[in-house]
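# Descriptive structure summary
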Amino acid sequence: MIESELSSFKKASLPVLAALDGAFPPALIYLAFNMGTETADGWAIPMTTDIAFALVIIPTTKDATESFLEKLEPYHLNPFSFAIMPIFALANTNITFEPQMLSGLTSALGSGIIAGRVTGKTVGVSLFSCIAVKLSVATMPKHATWRHILGVGMLGGIGFTMLIFIALLSSAGQGPILSEAKFSILTASVISGLVGYFWLRKVKSQLDKPESERSTL
């Protein structure tokens, strides 16, 4: 917020608008699968954006001097991303695997959650980010391309704890349906993570090539 991608209104507008507008398409997709069913009131499940750890309360500097935060951040990146966050998320899901979970993936509930997360988040984040930039409400992050924004939208489908909390408040939180909802949430997160990873990996490999050798993504 002091010197990086949230340091001005236009810079901060893009992630804020992407998060807000990225919530509506997942809810609409879920309703398309579940309208008129007992799980229709679970429309808020796929639209939730989950909580992530961040380094804060540690001050940085406004000039080019490297602060303690900037020195500390690289050492936290891998442990937080690949150990602490996954353990925290899986521990809070409290999933007990049961045979009916697999069939639940193709039910209206499961299909709505998966399609809402995987497709809805990608479309919502990418589309409304594009609109915000074109209208000059927000600016693109430094060195970012629209292919990066699309990849971020794909990764937006990852989520555990808040989605399950919302499921508990809806009819999906009753009996065995909750297990199906949890497994669908986990499946959507895995799909979103893998698709986003391989997409951004492909983008990086293309951008690392000389401009004359790049293919169109």
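Heads up: the structure comes first, above all this text.
Let me sum up the structure you'll find in this document. Computed from a prediction, not measured in an experiment: that's the story for all the values here.

### A look at the overall build of the chain
Check the secondary structure of the chain and you find 8 helices and 0 strands. Reading the chain from its N terminus to its C terminus gives the helix and strand order α-α-α-α-α-α-α-α. Buried residues in the chain amount to 37% of all 217 residues. Intrachain contacts of the chain at a sequence separation of at least 6 include 74% that bridge at least 24 residues. Only carbon and sulfur atoms are counted for the fraction: they give 69% of the accessible area of the chain, which is about 12,700 Å².

### Description of the nonpolar core
If you look at the biggest cluster of nonpolar residues, it comprises 16 residues, and the most contacted ones within it are Ile45, Met47, Leu109, Ile113, Ala167, Ala181 and Ile185. Among the secondary structure elements, those contributing two or more residues to this core are helix H2 (24-34), helix H5 (108-134), helix H7 (161-169) and helix H8 (176-207). The residues contacting isoleucine 185, other than those within four sequence positions of it, are Ile45, Ile113, Gly159, Phe160, Leu163 and Ile164. Formed by 9 residues, the second largest nonpolar core is a distinct cluster that contains Ile114, Phe183, Leu186 and Ala188.

### Notes on the packing of aromatic side chains
Taken as a whole and judged by the stated rule, the model has 1 aromatic pair. Each ring, one from tyrosine 197 and one from phenylalanine 198, has its centre 5.0 Å from the other, and the planes form 70 degrees; the classification is edge-to-face. Taking relative accessible area as the criterion, tyrosine 197 reaches 44% and is therefore assigned partly exposed.

### Points about helix H1 (residues 9-21)
Counted at 1.5 Å a residue, the expected span for H1 with its 13 residues is 18 Å, and the 17 Å between its end C-alpha atoms agrees. When we look at burial in H1, the residues that qualify are Ser13, Leu14, Ala18 and Asp21. In this structure, the buried side of H1 is in contact with H2, H5 and helix H6 (146-155).

### Observations concerning unusual backbone geometry
Despite not being glycine, serine 136 has its phi angle at roughly 65 degrees, a positive value. Among the secondary structure elements, serine 136 is positioned in the loop between H5 and H6. Located in the positive-phi region is histidine 143, a residue other than glycine, with phi close to 70 degrees.

### A short note on the packing of H1 against H5
Between H1 and H5, the least distance of the axes is 8 Å, while the angle of their chain directions is 135 degrees. As summarised for this structure, H1 and H5 are arranged oblique, according to the angle between their axes. For the pair H1 and H5, the sense of crossing is right-handed. Residues Leu14, Leu17, Ala18 and Asp21 of H1 pack against Gly124, Val125, Phe128, Ser129, Ala132 and Val133 of H5.

### Concerning a nonpolar patch on the surface
On the surface, Val123, Leu127, Ile131, Leu135 and Val137 cluster together into a nonpolar patch covering about 410 Å² of accessible area. Secondary-structure assignment places leucine 127 in helix H5.

### Structural notes on the side chain of threonine 187
With respect to the element layout, threonine 187 can be found in helix H8. Note on threonine 187: relative accessible area 18%, which makes it buried. Every residue in contact with threonine 187, bar those within four places of it in the chain, is listed here: Leu105 and Ile114.

Thresholds applied
- Residues numbered from 1 in each chain as written.
- Predicted model: local features only at pLDDT ≥ 70, side-chain atom pairs only at ≥ 80, totals over all residues.
- Heavy atoms only, no water.
- Helix = DSSP H or I, 4+ residues; strand = E, 2+ residues; numbered from the N terminus.
- Buried < 20%, exposed > 50% of the residue type's maximum accessible area, 1.4 Å probe, protein only.
- Contact = heavy atoms within 4.5 Å.
- Areas by Shrake-Rupley, 256 points an atom, 1.4 Å probe, with all protein chains shown as cover.
- Core = buried A, V, L, I, M, F, W, Y, C linked by side-chain atoms within 4.5 Å.
- Phe/Tyr/Trp six-rings, centres within 6.5 Å; stacked < 30°, edge-to-face > 60°.
- Expected span 1.5 Å × (residues − 1).
- Axes fitted to C-alpha atoms, helices over the stretch in contact; angles between N-to-C directions.
- Parallel < 35°, antiparallel > 145°, perpendicular 65-115°, else oblique.
- Left-handed = near helix turned anticlockwise from the far one by under 90°.
- Patch = residues over 30% accessible without salt bridge, like charges linked within 9 Å, V, L, I, M, F, W, Y side chains within 5 Å.
- Salt bridge = Lys/Arg side-chain N within 4 Å of Asp/Glu carboxyl O.

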